[in-house]
There are 2 protein chains.
Amino acid sequence: MATDTTRIVAVDTYDIRFPTSRELDGSDAMNPDPDYSAAYLVLRTSADGPEGHGFTFTIGRGNDVQVAAIQALREHVVGRSVAEVCADPASLHRDLVGDSQLRWLGPEKGVMHMAIGAVVNAVWDLAAKREGKPLWRLLADAEPEWLLSQVDFRYIADALSPDEALHLLRRGKEGSADRAAELLRRGYPAYTTSPGWLGYSDEKLTRLAHEAVADGFRQIKLKVGADLADDIRRCRVARAAIGPDIRMAIDANQRWNVAEAISWTNALAEFDPYWIEEPTSPDDVLGHATVRERVAPIRVATGEHVQNRIIFKQLLQAGAIDVLQLDAARVGGVNENLAILLLAAKYGVPVCPHAGGVGLCELVQHLSMFDYVALSGTTEDRVIEFVDHLHQHFVDPVVIDDGHYRAPTAPGFSAAMHRASIDTYRYPQGDFWVADLAQQQNTEVPA
Amino acid sequence: MATDTTRIVAVDTYDIRFPTSRELDGSDAMNPDPDYSAAYLVLRTSADGPEGHGFTFTIGRGNDVQVAAIQALREHVVGRSVAEVCADPASLHRDLVGDSQLRWLGPEKGVMHMAIGAVVNAVWDLAAKREGKPLWRLLADAEPEWLLSQVDFRYIADALSPDEALHLLRRGKEGSADRAAELLRRGYPAYTTSPGWLGYSDEKLTRLAHEAVADGFRQIKLKVGADLADDIRRCRVARAAIGPDIRMAIDANQRWNVAEAISWTNALAEFDPYWIEEPTSPDDVLGHATVRERVAPIRVATGEHVQNRIIFKQLLQAGAIDVLQLDAARVGGVNENLAILLLAAKYGVPVCPHAGGVGLCELVQHLSMFDYVALSGTTEDRVIEFVDHLHQHFVDPVVIDDGHYRAPTAPGFSAAMHRASIDTYRYPQGDFWVADLAQQQNTEVPA
């Protein structure tokens, strides 16, 4: 490849918003009216051949701020050698996280960090396409030493040394070919949140819970936290629908203070919840540790809003969580998620990723599948969230089969959206939003 | 005021950047070339009379992202009754922090949260101007019950209950008139970072350290963390210049892992550093606790990058810090800083605010002065950072007198910049930057 002079020539950005708030799908105690959105980017190169696709998921307002943050990273990306950055995505990750001026806006958290994750993920998408492999396979085939080189140990070395990480990666190689074959045969276990959104009637909850079990899911999830009496009723309805053997997780979406998290969760204990998710602020390591101690044997889960590997490190150090819910588009991309998967493996805590939203299922399956094949080596007590939302907009959508994610085989990170979806849902100039605005203006009541 | 129909009619925003990277002022181990900047806003109202001014401090790139984030908050601000929002800034603070869609971009951290802080602070500036008082005086004169109503106890009630907070505020009232008089007479103690930037020669360090002592400062601060041999030499030079009785803090700007923080700090112990500031990631509560245990009696300080009250709460709960360095423009404005001051008072940890940058000295003095007059009631072991940077751009700049901040008497939060400074340093259209670009183009070497 010494003659490969291909360069990244542009970072095209798109503010894409889907009008999901018109339905109650996706509503929870903290997020009553999300418009599922993506700050989406395409890395264009100087040659024919694959582009890199990546995005940040948001829930509507502020998606433009997220796009502006991605644009602020352009100067680090445009002009890079495609061969070099794909051979070593950590080089870009390091430059983005290390930009001393942009770092002030975090560091490594919130809008700027999510933008970094989107760009880094797009590079991994490009790298996997160039290798002709789905991302999970690229990672699982990689040498432990190379994977190690992709991890930033700054601020986590007190919990996980590079030597320990290398040992874990080498151990993960043992039997990995067999597990890859098993993965391709059986897929990776999923659970579904579709029955449990707030705002559904008991009848709809019952019907969807029955369907989930019939579809092969062994776990469902209910949103809780708005009203305790409602939650008791809904948990009773759901447990009656699924019977005692299907796991039922509950999710409070950060609604509570520590004391409230403990009392509310225990008030639902009779329905045998498998885990309580996001009982309080994702920043509150010590709060989660207290909650966990006081609601056992109900497990404590969090992660979709955990900002970076440093908070995850502490959640593990403090024994604050039973289940680690990484998110593919919240932290600094695949590189940081490798660090998080390694930390989870070190502490023996199962990873059950957050998904749903726009394209999060598509991304995160690759991380869990790599973890199964070549790191933790198991799917025991591990499930990937599944929500049946918006997959039709993706070129390589997830496929669920008998309660399992089928392993993707197309090259890349499954991040690319259809051009028609982009054109329709770009905000505010896409066809949908133009028509929507015209309709709103026609139906406005004169003052 | 029943007839006061004044409304906020506009949020004007400005991307203001000063070319400070051309000097070595402000350089440290993590931030080698900052261009001190402000994402600045003006709340305009429908009546003649005061405007509200606020800003986020950044160090250059990304200031545009910060401006975009402030603009994303406009719909919550424009149209509000000025009398109502000034009577209860918490109402706006709550709406901004609680925007369920924007919340996804944090929650309560990074770009979006700093934007919220800028807008909330601008409302407090407006409120203080309307009362004809400097902000510290408005806060110190307020009733404890009203101050309590300005605090969001979500996610901190396990460490500080509203009842405890009310008790602290009532206790703070005792003797407050005497302390206000003392404050107006003597000012509030400052320390100076001016001698200690990386990149200064030993001669300049010595000269500036002598000047600091001559100017009445009882504490200076040195940047460390780039090179241990250099740090040992610079600490020796500084200690020799100031003698044994002046306090010398050191500041690593997050440069280290936990183990490195411990060994490096202890390697400088012979120079009797008063505190080690930002030894590691601001997110690492448990890491700071470990560092503190292992470097005692050297104190551990952090806060300028601590994202919100929830991390501060844990730093206090874990006994991880000796000194709490709040920042006026990092968290969600005065409302959240009231929560942080109350937490510090509860745990008995002195607050020594971060300042410097653009206008941070101007803002933060009000918070410390309120704390002295009507909350902690003491200035013992408390100092506000002072850096002699960019004050000339402010309408009501800080005044340092014999090593003390003189208490401001002009109404407001001291946040307003001169119109001429805005016009000159707006990026990229301000006069300075236009001329700078033209000069760069003239001096470009042909390829």
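Residues numbered from 1 in each chain as written. Chains lettered and ligands numbered in written order. Predicted model: local features only at pLDDT ≥ 70, side-chain atom pairs only at ≥ 80, totals over all residues. Heavy atoms only, no water.

- In the nomenclature of an unreviewed UniProt entry, chain A is known as L-fuconate dehydratase of Kitasatospora cystarginea.
- Reading the Cofactor (unreviewed entry) entry of the UniProt record for chain A gives the comment "Mg(2+)". (UniProt positions renumbered as here; feature names shortened; annotations may be inferred.)

### What about the overall build of chain A?
In step 1: Summing up its helical and strand segments, chain A has 18 helices and 12 strands in all.
In step 2: In terms of overall size, chain A behaves like a compact globule, its C-alpha atoms giving a radius of gyration of 21 Å where 447 residues would be expected to give roughly 22 Å.
In step 3: Dimensions along the principal axes, computed over C-alpha positions, put chain A at roughly 65 × 65 × 45 Å.
In step 4: With 447 residues in all, chain A has 65% of them scored as buried. (Helix = DSSP H or I, 4+ residues; strand = E, 2+ residues; numbered from the N terminus. Rg over C-alpha atoms; globule rule 2.2 N^0.38 Å. Buried < 20%, exposed > 50% of the residue type's maximum accessible area, 1.4 Å probe, protein only.)

### Some points on the sheet that holds strand β2 (residues 37-45) of chain A
All names here are of chain A.
In step 1: Taking strand neighbours across the sheet as the criterion, the three strands line up as β1-β2-β3 in an open arrangement whose pairing is antiparallel. Edge positions in the sheet fall to β1 (8-17) and β3 (52-58), since each has one partner strand and no second. The mean angle between the axes of side-by-side strands here comes to 15°, regardless of whether they run parallel or antiparallel.
In step 2: Relative to β2, β1 runs antiparallel, the two sharing nine bridges. Its bridge partner being in β2, Asp15 is matched across the sheet by Ala39.
In step 3: Across the sheet, helix α1 (residues 63-71) lies against β1, β2 and β3, angled at about 175° from β1, the strand it touches most. (Pairing = 2+ DSSP bridges. Axes fitted to C-alpha atoms, helices over the stretch in contact; angles between N-to-C directions. Contact = heavy atoms within 4.5 Å.)

### Observations concerning the side chain of Gln150 of chain A
Residues and elements named next belong to chain A.
In step 1: Considering the arrangement of structural elements, one finds Gln150 in the loop between α7 (144-149) and α8 (162-173).
In step 2: Under the relative-accessibility criterion, Gln150 is labelled buried at 1%.
In step 3: Discounting chain neighbours no more than four positions away, the residues touching Gln150 are Asp88, Pro89, Ala90, Trp124, Asn335 and Leu338.

### Things to note about the relation of the copies chain A and chain B
In step 1: Overlaying chain A with chain B gives an RMSD of 0.0 Å, the required rotation being 180° about an axis along which the chain moves by 0.0 Å. Such values leave the two copies arranged in the relation of a two-fold axis. In terms of proximity to the rotation axis, the leading residue of chain A is Gly110 of chain A, whose C-alpha is 2.4 Å off the axis.
In step 2: Looking at the interface residues of chain A, 100% of them are also at the interface in chain B, so both copies use one shared face. (Least-squares fit on C-alpha atoms with pLDDT ≥ 70 in both.)

### Digging into the nonpolar core
In step 1: Formed by 300 residues in total, the largest nonpolar core has its most connected members in Leu324, Phe370 and Tyr405 of chain A together with Leu324, Phe370 and Tyr405 of chain B.
In step 2: In contact with Leu324 of chain B, not counting residues within four places along its chain, are Thr302, Phe312, Leu316, Ile340, Ala344, Val349, Pro350, Val351 and Cys352 of chain B. (Core = buried A, V, L, I, M, F, W, Y, C linked by side-chain atoms within 4.5 Å.)

### Considering the interface of chain A and chain B
In step 1: Facing 62 residues of chain A, the contacting portion of chain B comprises 62 residues.
In step 2: Considering only the surface of chain A that becomes buried against chain B, Arg61, Gln101 and Trp104 of chain A emerge as the three largest contributors, covering 19% of it.
In step 3: Linking chain A with chain B are six salt bridges, by the criterion used here.
In step 4: Where chain A meets chain B, there are 37 residue pairs in polar contact (both at pLDDT 80 or more).
In step 5: Contributing elements (two or more residues each) for the side of chain A that touches chain B: β3, α1, α5 (110-131), α13 (285-295) and α14 (309-317) of chain A.
In step 6: The dominant element in the side of chain A that touches chain B, judged by the number of residues it contributes, is α14 of chain A, at five residues.
In step 7: In terms of residue class, the side of chain A that touches chain B is built from 28 nonpolar, 19 polar and 15 charged. (Buried area = accessible area lost by both parts, 1.4 Å probe. Salt bridge = Lys/Arg side-chain N within 4 Å of Asp/Glu carboxyl O. Polar contact = N/O pair within 3.5 Å; in protein donor to acceptor, adjacent residues only side chain to side chain. Nonpolar A, V, L, I, M, F, W, Y, C, P; charged D, E, K, R; others polar.)

### Things to note about the sheet that holds strand β3 (residues 52-58) of chain B
All names here are of chain B.
In step 1: The antiparallel open sheet is built from three strands, whose spatial order is β1-β2-β3. For this open sheet the edge positions go to β1 (8-17) and β3, each flanked by a neighbour on one side alone. Each strand axis lies, on average, 15° off the axis of its neighbour in the sheet, ignoring direction.

### Some thoughts on the UniProt feature "domain: Mandelate racemase/muconate lactonizing enzyme C-terminal" (unreviewed entry) in chain A
In step 1: Under the UniProt annotation, "domain: Mandelate racemase/muconate lactonizing enzyme C-terminal" (unreviewed entry) lies at residues 202-298 of chain A.
In step 2: With 51% helix and 15% strand, residues 202-298 of chain A has end C-alpha atoms that lie 24 Å from one another.

### Structural notes on α5 of chain A
Residue and element names in this part refer to chain A.
In step 1: When the terminal C-alpha atoms of α5 are compared, their 32 Å separation across 22 residues agrees well with the 32 Å that a helix rising 1.5 Å per residue should span.
In step 2: With 19 of its 22 residues buried, α5 lies for the most part within the structure.
In step 3: Residue Gly132 follows α5 closely and has a positive phi angle near 70°. (Expected span 1.5 Å × (residues − 1).)

### Let's talk about helix α4 (residues 89-98) of chain A
Residue and element names in this part refer to chain A.
In step 1: Within α4, seven of the 10 residues are buried, leaving the element largely enclosed by the surrounding structure.
In step 2: Looking at α4, one finds that the buried residues are Pro89, Ala90, Ser91, Leu92, His93, Leu96 and Val97.
In step 3: If you follow the buried residues of α4, they end up packed against α2 (74-77), α3 (82-87), α5, α7 and α15 (333-347).

### Quick look at the packing of aromatic side chains
In step 1: By the definition in use, this model includes 32 aromatic pairs over all chains.
In step 2: Seen from their ring centres, Tyr36 of chain B and Phe57 of chain B are 5.1 Å apart, and the 85° between their planes marks the pair as edge-to-face. Here Phe57 of chain B lies in strand β3 and Tyr36 of chain B lies in the loop between β1 and β2 (37-45), a separation of 21 residues in the sequence. For the pair Tyr36 of chain B and Phe57 of chain B, one class covers both residues: buried.
In step 3: Geometrically, the ring pair formed by Tyr188 of chain B and Tyr372 of chain B is edge-to-face, given 6.4 Å between the ring centres and 75° between the ring planes. Placement of the pair is Tyr188 of chain B in strand β4 (residues 188-196) and Tyr372 of chain B in helix α16 (residues 360-374), with a sequence separation of 184 residues. Comparing Tyr188 of chain B with Tyr372 of chain B shows no difference in burial state: the two are buried.
In step 4: Clustering of aromatic rings is evident, with ring pairs tying together Phe18, Tyr425, Tyr427, Phe432 and Trp433 of chain A.
In step 5: The ring of Tyr427 of chain A carries Arg17 of chain A above its face, with NZ or CZ at 4.0 Å from the centroid. (Phe/Tyr/Trp six-rings, centres within 6.5 Å; stacked < 30°, edge-to-face > 60°. Lys NZ or Arg CZ within 6 Å of the ring centre and 35° of its normal.)

### So, the pattern of salt bridges
In step 1: If you walk through the whole model with that rule in mind, you get 66 salt bridges over all chains.
In step 2: Arg207 of chain A serves as the salt-bridge partner of Glu211 of chain A, at 3.5 Å between the closest nitrogen and oxygen. With Glu211 of chain A and Arg207 of chain A both in helix α10 (residues 202-214), this residue pair falls four residues apart, about one helical turn.
In step 3: For Glu211 of chain A, a relative accessible area of 37% puts it in the partly exposed group.
In step 4: On the accessibility criterion, Arg207 of chain A (44% relative accessible area) is partly exposed.
In step 5: Between Arg309 of chain B and Glu108 of chain B there is a salt bridge whose closest N-O contact spans 2.4 Å. A residue pair is termed long-range when its members are at least 10 positions apart, and Arg309 of chain B in helix α14 (residues 309-317) and Glu108 of chain B in the loop between α4 (89-98) and α5 (110-131) qualify at 201 residues.
In step 6: Of the residues examined, Glu108 of chain B reaches a relative accessible area of 9% and is grouped as buried.
In step 7: Salt bridges here are not isolated pairs; linked through shared partners, they connect Lys221, Lys223, Asp251, Glu277 and Glu385 of chain A.

### Re the pairing of β2 of chain A
Residue and element names in this part refer to chain A.
In step 1: Within β2, eight of the nine residues are buried, leaving the element largely enclosed by the surrounding structure.
In step 2: Two elements, β2 and β3, share seven bridges in a ladder whose sense is antiparallel. By the bridge assignment for β3, Tyr40 is matched with Phe55.
In step 3: Joining the antiparallel neighbours β2 and β3 is a turn of six residues, in which Gly49 adopts a positive phi near 125°.

### Side note on the state of the cysteines
All names here are of chain A.
In step 1: On inspection of all chains with the given rule, the structure shows zero disulfides over all chains.
In step 2: Between Cys361, a cysteine without a disulfide, and Cys352, which holds the nearest cysteine sulfur, the sulfur-to-sulfur distance is 14 Å.
In step 3: Overall, the relative accessible area of 0% leaves Cys361 in the buried class. (Disulfide = S-S within 2.5 Å.)

### Re the environment of Trp197 of chain A
In step 1: Among the structural elements, Trp197 of chain A can be located in the loop between β4 (188-196) and α10.
In step 2: Between the C-alpha atom of Trp197 of chain A and that of Ile116 of chain A, which follows or precedes it by 81 residues, the distance is 31 Å.

### What to know about the environment of Ser421 of chain A
Residue and element names in this part refer to chain A.
In step 1: Of note, Ser421 is situated in helix α17 (residues 419-425).
In step 2: Judged by relative accessible area, which is 7%, Ser421 ranks as buried.
In step 3: In this structure the C-alpha to C-alpha distance between Ser421 and Phe18, which are 403 residues apart in sequence, comes to 9.6 Å.

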